[in-house]
Amino acid sequence: MRKTLLTLALGLATTAAFAGAGHGGSQAAVSDADIDRTIRVEAGDMWFDSEKLNIAPGETIKFEIVNTGNVEHEFVIGDAEAQEAHRKMMQEMGGSHGGGGGHGGHEGHDMAEGEHGGSMPSVTIAPGDTAELVWTAPQNVDGLQYACNIPGHYEAGMSGNIDLQG
Amino acid sequence: MANSRVITHPMSRRQILKGGAALGLGSAAALSLRPSWANPWGQTNVYSKGVEEGPEVSLAIRRESILIDGKEARPISINGTSPGPMIRLKEGQDAVLRVTNLLDEPTSIHWHGLILPPGMDGVPGVSFPGIAPGETFTYRFPVRQNGTYWYHSHSGLQEQLGHAGPLIIDAAGREPFRYDREHVLLLTDWTFEDPMAVFRNLKTAEGYYNFQERTVADFFADVREKGFAATAEMRGMWAKMRMSSRDIADVTGSTYTYLLNGHSPEENWTALFKAGERVRLRVINGSAMSYFDVRIPGLKMTVVAADGQPVQPVPVDEFRIGVAETYDVLVAPEDDTAYTIFAEAMDRSGYARATLAPREGMAAEIPERRKIADRGMEAMGAHGMGSMEGMDHSGMGGSDMQGMDHSGMNGSDMQGLDHSSMQGMDHSNMQGMSGEENRMNANGMLAAGAAQPGSRYDQAGIGIDPGERRMLVYRDLKAFTPWPDRREPERELELHLTGNMERYMWSFDGKKFSEVTGPIHFNKDERLRLILINDTMMEHPIHLHGMWMELENGQGELIPRKHTLNVKPGERVSALITADAEGSWAFHCHLLYHMDAGMFRVVKVS
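Just so you know, the residues in each chain are numbered from 1, in the order the chain's sequence is written. To read the labels, note that chains go from A and ligands from 1, taken in the order they are written. pLDDT decides what is reported in this predicted model: residues at 70 or higher carry local features, side-chain atom pairs at 80 or more are listed and counted, and totals for whole chains, interfaces and linings draw on all residues regardless.

- As recorded in an unreviewed UniProt entry, chain B goes by Copper-resistance protein, CopA family and comes from Halomonas shengliensis.

See below:
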C-alpha cells in the first residue's frame, strides 16, 4: 500500500518541494494541463465541508483547501493505518508544526519510505489561508481517507473517505 | 397510565390544579419514574426521546417514594423523576420555565451556568424570595448560549435529595465537532440519611465519614521507608493542622451511593451505541460533595467542551470533574463490545458506573479502585512555604511523595501554623517564582491570561499518578476564539478560601456568610481579576453566578471561560471577569455543606 502511494505525483504547494521518487524521474511540477479537476475543500473548526470525495483512479486532482476556522489545520491523504500512525506521532510531538520545522513529513523533501508519514501527501493551512495540494489517485487502492491529525482534530470530526470508483 | 398516576397521587393532582400550571403530565417524561433522558439509545437525529423541550416547560417539585439502588427512598422529584428530567432549550429561544412547588417547604431552581437577568437566577434571598409551598414561579429569560449545563435547587440542602437535572441547550450554529449520537451522564451522590443529619455529623465529629485514617501499620510502613524522625514529624504536622492527611473528601462512600443517571453501579445503566459511531458524552457532576475521576478503559476520550463552552479538542484517557463542572467528550468505539464508564470518587471510597455497549444486558470489567492518597506537601503551597513554589511536582503522584526532600520544611516552620492567621499575607513576593515568563501590565499586575505563581494548572490533583495515563489538566483548556473583552484587568480582588475542619466552619477570608457585613462589590462594566487562594487542605469548586470567569491558565488570549473553578489545596487561581451583569449574584463553594456552613458571598454589580 505504502509503495503504491509512493508512485503518486504530488506537490506540496506550501513548500514548493516535489517528490520524484518512483515517478519516472520527473522532478518537474505538475503543470495545469495535467490537472483533471480542482476540488475545493473547506476546513473549519472541527470539520471538512465534505465527508466523502468521489475520485476516479488515475485522476489528477488539485485540492484547494480553505481554512475558515480559527486554528491551524492540515489535510493529509492516506489509509487509516498510516493516518493513525501519523496521529500518534503528532500527539507525541505535542501537535506543533513549529513553523515548518521539526516535522519531517511536512517538509516534503524526502518522500521515501522509512520516515513515518513521509509517504503521505499533506499540507498545513493557517487560519484564513488557502493551500493547494496536487494528487493523482492511485489504481487498485481502497480505504483512503483525508484527515487533519493535529491532536484532537480527527477525533472531533476532521476526516472523510475518498471513494475511488473504478 | 396517566389516570393511574393521578389516582396514585390525588393530593398532587389537586395541588397542581390549585397551582394553575400545566405540569406536562401527559408528556412521556412525567410518566416514568426513571429520567427519560437516561434512555439507553440517547439522543440522535433518529432516536429523539421524550424530554422537557423548550421554550415552554412546566416542572412540578414533589417529595415522593422512589426506589434508589433498589431500596426505598424519599427523594425530591421533578415531574416524577429524581434526578429530574432533561430540559432541552435552543439558543435564541425565549425560555418560559414554570416551576410549581408541591413540597411543604420553600424551594427554588437555579439554572447553573446560564447568563440571564438577576431576577431569574433562582437563588432565594439574592435573586428572588424563593417559591413558597403551593406556588408557581415563572422564570423567563432569553437563551443566549449553548452547551451542557444543569439545574438544581438553591434552597437549603434540597440538592442532596436529588433536586437536580441536566439542562442542554442546542446550538444555533455549527458546533466545533461532529457526532452521531449523544448521551447525558449525570453524576450524583445519594445518601439514605437525612441531609440535615449528615450536616450535624460533620459539625460534631470531623472525620465522621472518614474511615481511612492512617493506622499503626501505616506508621510502621512509613518508618521503614522514611525513618522514624521524618515519619513522626509528618504525623505531628498534620495533627497540628487538625487534619488527617487522608481527608480527601469530608462526606464519603460510607454514606453515599454514587449514581450515574440515577442508577447505582449494580444497576449498571447502559448507554447504547453502534460500532463506528462517534458518540458525544455530556458529563455533568451534579453531586453535592463528590469529585469524580472519569475514564472508559479501552477508549480515548476527546474533551471538546468545558462548562458548556467549546474548547480546542484534547484527547485524554481520564478527567477529573469537580462538583458542578461539566465536560463534553467524544468517544469512537469501533468494536462491537461493551465498555465500562467508570467514575471513581476522588477519595476512592466508591464509584459510579455505567456501561457503553452495542446491546442492552452487556457488561465489561470494572477497573480496580486505586488506593487512597495521602495529602502531600503540595497542599502547603500557599502557606508561605516559598521554597515549595518553584518545585516541579508534575512528575509526582501522591504516592511518590516519600521521595521528596522535606529537609527544607522542618518542624519549626510548621509550628503555630494557624489558618486564621494566614489572611493578609503578602503573596507579592511569590511573583515570578513559577517557571514561565510572567509579563506585567502597566499597573504592575500580571498580563491578562498569564498563570499566577502558585497555580498548579498542569496537575490534575491528589491521588493521580500522572505517568499512568493521560489525564486532563486545566492547562489543556483552550478556547477557539478570544473573548470579546480583551481589556487588561483594572484591579485585582483577592479572596482566601478558609476553613476550620474541627468545627466544620467554611468561609471566605475567615468570615462566614452570617458574619459578613455586605456584598462584594464589582463596578458595573469593570474588568477585574479575581484571585482565589486556597488556605485549606481540601479542593473547593468555586462558582460565580451571572458572569463568566475566564480561567487564567496561561493560554493568553485563548483562556477558557468557566462557571466553576476547582481550586486545589494550597493553590492560587485567578480569573478575569467582565462585570457586565448588573444586580446581585451568588458566589460560593459548590460543596453543598461548605456553602451551607458559610462559604458563600453575594456579589453586587452596580
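That covers the picture; the talk isn't over yet.
**A few points about the overall build of chain A**
Inference 1: The number of helices and strands found in chain A is four helices and 11 strands.
Inference 2: Every C-beta atom is placed from the backbone, and the number of other C-beta atoms within 10 Å of a residue's own sets its class: buried at 20 or more, exposed at 12 or fewer, partly exposed in between. By the burial criterion, 40% of the 166 residues in chain A qualify as buried. Helix and strand definitions follow DSSP, with helices as H or I runs of at least four residues and strands as E runs of at least two, each counted in order from the N terminus.

**Topic: the overall build of chain B**
Inference 1: Per the secondary structure count, chain B includes nine helices and 33 strands.
Inference 2: Within chain B, the fraction of its 606 residues that count as buried is 53%.
Inference 3: Two residues form a contact once the distance between their C-beta atoms, set from the backbone, is within 7 Å. Long-range pairs, those at least 24 residues apart, make up 77% of the contacts in chain B between residues at least 6 apart in sequence.

**A word on unusual backbone geometry**
What is expected of a backbone is that most residues other than glycine have negative phi and most peptide bonds are trans.
Inference 1: Omega for the peptide link from A:Asp45 to A:Met46 comes to -5°, which places this bond in the cis form.
Inference 2: The linkage connecting B:Ser82 with the following residue, B:Pro83, adopts the cis geometry, with an omega of -5°.
Inference 3: Here B:Pro83 is to be found in the loop between β5 (76-78) and β6 (87-90).
Inference 4: At B:Asn268, a position not held by glycine, the phi torsion is positive, near 50°.
Inference 5: Inspection of the secondary structure puts B:Asn268 in the loop between β13 (256-260) and β14 (269-272).
Inference 6: Within the chain, B:Arg348 stands out as a residue other than glycine whose phi angle is a positive 65°.
Inference 7: Inspection of the secondary structure assignment puts B:Arg348 in the loop between β21 (339-345) and β22 (351-357).
Inference 8: Classification of B:Arg348 by C-beta neighbours within 10 Å gives buried; the count is 20.

**A look at the sheet that holds strand β24 (residues 505-508) of chain B**
All names here are of chain B.
Inference 1: One bridge is not enough; two strands pair if DSSP finds at least two bridges between them. Spatially, the six strands line up as an open sheet ordered β24-β23-β26-β31-β28-β29, and their pairing is mixed. Across the chains shown, the open sheet's two edge strands, defined by having one partner strand only, are β24 and β29 (561-562).
Inference 2: Where strand β26 (residues 527-534) lies against strand β31 (residues 572-578), seven bridges are found, and the strand directions are antiparallel. Residue pairing across strands places Leu532 opposite Val573, the latter belonging to β31.

**Points about the interface of chain A and chain B**
Inference 1: Chain A puts 12 residues into the contact, and the matching count from chain B is 15 residues.
Inference 2: Broken down by element, the residue count for the side of chain A that touches chain B peaks at three residues, all from helix α4 (residues 153-156) of chain A.
Inference 3: Under this grouping Gly is polar, as are all residues other than the nonpolar Ala, Val, Leu, Ile, Met, Phe, Trp, Tyr, Cys and Pro and the charged Asp, Glu, Lys and Arg. When grouped by side-chain class, the residues that make up the side of chain A that touches chain B number five nonpolar, five polar and two charged.

**Here we look at the UniProt feature "domain: Plastocyanin-like" (unreviewed entry) in chain B**
Residue and element names in this part refer to chain B.
Inference 1: UniProt positions are given in the numbering used here, feature names are shortened, and annotations may be inferred rather than shown by experiment. The sites that UniProt annotates as "domain: Plastocyanin-like" (unreviewed entry) are residues 63-171, 182-355 and 487-605.
Inference 2: The span residues 63-171 shows a helical share of 0% and a strand share of 41%, and its end C-alpha atoms are spaced 34 Å apart.
Inference 3: With 5% helix and 50% strand, residues 487-605 has its two end C-alpha atoms placed 18 Å apart.

**Let's talk about the sheet that holds β5(B)**
Residue and element names in this part refer to chain B.
Inference 1: Across the sheet, four strands lie side by side as β5-β2-β7-β9; this open sheet has mixed pairing. Edge positions in the sheet fall to β5 and β9 (136-142), since each of these pairs with one other strand and no more. Going from strand to strand, the sheet's axes swing by 20° on average, the running direction of each strand aside.
Inference 2: Across six bridges, strand β2 (residues 56-63) lies against strand β7 (residues 94-101) in parallel orientation. Each residue of the ladder has a partner; that of Ser58, found in β7, is Arg98. Axes here mean lines fitted to C-alpha atoms, for a helix over just the part in contact, with angles spanning 0 to 180 degrees between N-to-C directions.

**What about the pairing of β26(B)?**
Residue and element names in this part refer to chain B.
Inference 1: Most of β26 is tucked away, with six of its eight residues classed as buried.
Inference 2: Where strand β23 (residues 491-500) meets β26, seven bridges bridge the pair, whose relative direction is parallel. Bridge assignment links Leu497 to a residue of β26, and that residue is Asn534.

**Structural notes on the domain arrangement of chain B**
Residues and elements named next belong to chain B.
Inference 1: Domain parsing of chain B yields domain 1 (2-174), domain 2 (177-210 + 246-372) and domain 3 (474-605).
Inference 2: Taken together, the 20 residues of domain 2 in the interface contact 24 residues of domain 3.
Inference 3: Mapped by element, the contributors of at least two residues to the side of domain 2 that touches domain 3 are α4 (195-204) and β18 (309-316).
Inference 4: With five residues, β18 is the single largest residue contributor to the side of domain 2 that touches domain 3. How far each domain reaches was decided by an automatic or database domain assignment.

**A closer look at α4(B)**
All names here are of chain B.
Inference 1: All of the buried residues in α4 are Val198, Phe199 and Leu202. Down the axis of α4, the buried side of the element spans an arc of 95°, and every buried residue falls inside it. α4 presents Met196, Ala197 and Thr204 as exposed residues on the side facing more than 90 degrees away from its buried surface. It is the directions from the helix axis to the C-beta atoms whose arc is reported.

**Some thoughts on helix α2 (residues 80-92) of chain A**
Residue and element names in this part refer to chain A.
Inference 1: Every helix has an expected span of 1.5 Å times one less than the residues it contains. Helix length check: α2 (13 residues) gives 18 Å between terminal C-alpha atoms against 18 Å at 1.5 Å per residue, within 8%.
Inference 2: Along α2, the residues classified as buried are Ala82, Gln83, His86, Arg87 and Met90. One face of α2 carries all of its buried residues, which in axial projection span an arc of 140°. When the buried face of α2 is taken as reference, the exposed residues oriented beyond 90 degrees from it are Glu81 and Glu92.
Inference 3: Once α2 ends, the next one or two residues include Gly94, with phi positive near 80°.

**Thoughts on the pairing of strand β10 (residues 144-147) of chain A**
Residues and elements named next belong to chain A.
Inference 1: Bridge count between strand β7 (residues 73-79) and β10: four bridges; the pairing is antiparallel. Looking at the pairing, Val76 lines up with Ala147 of β10.
Inference 2: As judged from the four bridges shared by β10 and strand β11 (residues 159-164), these two strands associate in the antiparallel manner. Across the sheet, the residue bridging to Gln145 is Asn161, located in β11.

**Some thoughts on the confidence of the model for chain A**
Inference 1: pLDDT is a residue-level measure of predictor confidence that goes from 0 to 100. Scored by pLDDT, chain A has a mean of 75; 67% of the residues are at 70 or more.
Inference 2: In the predicted structure, residues 1-28 of chain A sits below a pLDDT of 50 and forms 58 contacts with residues beyond four places in sequence or in another chain.

**Regarding the environment of A:Gly143**
All names here are of chain A.
Inference 1: Locating Gly143 in the fold gives a position in the loop between β9 (130-136) and β10.
Inference 2: Using a count of 12 C-beta atoms within 10 Å as the deciding quantity, one classes Gly143 as exposed.
Inference 3: Taking the C-alpha atoms as reference points, Gly143 and Ala82, separated by 61 residues in sequence, lie 11 Å from one another.
Inference 4: Beyond its immediate chain neighbours, meaning those up to four positions away, Gly143 contacts Asp79 and Ala80.

**Concerning the environment of A:Gly69**
Residues and elements named next belong to chain A.
Inference 1: Take Gly69: it is sitting in the loop between β6 (60-67) and β7.
Inference 2: Classification of Gly69 by C-beta neighbours within 10 Å gives buried; the count is 22.
Inference 3: Once the C-alpha coordinates of Gly69 and Met46 are considered, the two residues, 23 residues apart in sequence, prove to be 7.8 Å apart.
Inference 4: Apart from residues no more than four positions distant in its own chain, Gly69 is found in contact with Ala43, Gly44, Asp45 and Pro127.

**Looking at the confidence of the model for chain B**
In regions of low pLDDT, the predicted coordinates are not meant to be interpreted in detail.
All names here are of chain B.
Inference 1: Of the residues in chain B, 75% have a pLDDT of 70 or more, and the chain-wide mean is 82.
Inference 2: In the predicted structure, residues 1-33 sits below a pLDDT of 50 and forms 47 contacts with residues beyond four places in sequence or in another chain.
Inference 3: This model gives residues 44-50 a pLDDT under 50, and the stretch forms 11 contacts once residues within four places in sequence are excluded.
Inference 4: For this predicted complex, the interface confidence score (ipTM) comes to 0.77, while the overall pTM stands at 0.81.

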